Structure formats: structure tokens, C-alpha cells
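Structural overview for review
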Amino acid sequence: MPRFYFDVREGARFVPDEVGVTFDSFEAAEREAAETAAEIRRDRLPTGDA
């Protein structure tokens, strides 16, 4: 199975994914990346009317 690495950049901060995750397909990896990005966005957005 292919291994995919998901590095994260927040401003000047860069966190490399040194372990990676295996997925059955590129589509599964892409779906996980989109879900994780959405989760990060939800956690980082201000609460309230924004």
C-alpha cells in the first residue's frame, strides 16, 4: 500500500509528517487530507458570527 505524508504549515511554522499513513488508494488519501484540513480549519476559526 502506498504511504502518504501530510506536512502542516501554519504561517512560518512547519511540521513535517515523518511517519506517514498508508491508504489503499490515492482517493482515500485525498479524502483524509480534505477531512483533516476541514478539522484544522474548524479548530482555528474564531467562534461566534465570523
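This is a predicted model, so every value here is computed, not measured. (Residues numbered from 1 in each chain as written. Predicted model: local features only at pLDDT ≥ 70, side-chain atom pairs only at ≥ 80, totals over all residues. Heavy atoms only, no water.)

**Quick word on the environment of Asp17**
Looking at the secondary structure, you find Asp17 in the loop between strand E3 (13-15) and strand E4 (21-22). With 18 residues separating them in the primary sequence, Asp17 and Glu35 have C-alpha atoms 17 Å apart. Those residues in contact with Asp17 that lie beyond four places of it in its chain are Phe4, Tyr5, Phe6 and Asp7. In this structure the side chain of Asp17 is engaged in a polar contact, spanning 3.0 Å, whose partner is the backbone nitrogen of Phe6. (Helix = DSSP H or I, 4+ residues; strand = E, 2+ residues; numbered from the N terminus. Contact = heavy atoms within 4.5 Å. Polar contact = N/O pair within 3.5 Å; in protein donor to acceptor, adjacent residues only side chain to side chain.)

**Quick look at helix H1 (residues 26-44)**
An α-helix turns once every 3.6 residues. As a result, residues three or four positions apart point the same way. For H1, which comprises 19 residues, the first-to-last C-alpha distance of 27 Å matches the rise-based estimate of 27 Å (1.5 Å per residue) to within 8%. All of the buried residues along H1 are Ala28, Ala29 and Ala38. (Expected span 1.5 Å × (residues − 1). Buried < 20%, exposed > 50% of the residue type's maximum accessible area, 1.4 Å probe, protein only.)

**Remarks on the environment of Val8**
Mapping Val8 onto the fold places it in strand E2 (residues 8-10). Taking the C-alpha atoms as reference, Val8 lies 13 Å from Arg44; in sequence the two are 36 residues apart.

**Looking at the packing of aromatic side chains**
Enumeration according to the criterion identifies three aromatic pairs in this entry. Measuring from centroid to centroid gives 6.2 Å for Phe6 and Phe23, while their planes differ by 90 degrees, and the two rings are edge-to-face. Of this pair, Phe6 sits in the loop between strand E1 (3-4) and E2 while Phe23 is found in the loop between E4 and H1, placing the two residues 17 residues apart along the sequence. Residue Phe6 is classed as partly exposed on the basis of its relative accessible area of 28%. Under the relative-accessibility criterion, Phe23 is labelled buried at 14%. (Phe/Tyr/Trp six-rings, centres within 6.5 Å; stacked < 30°, edge-to-face > 60°.)

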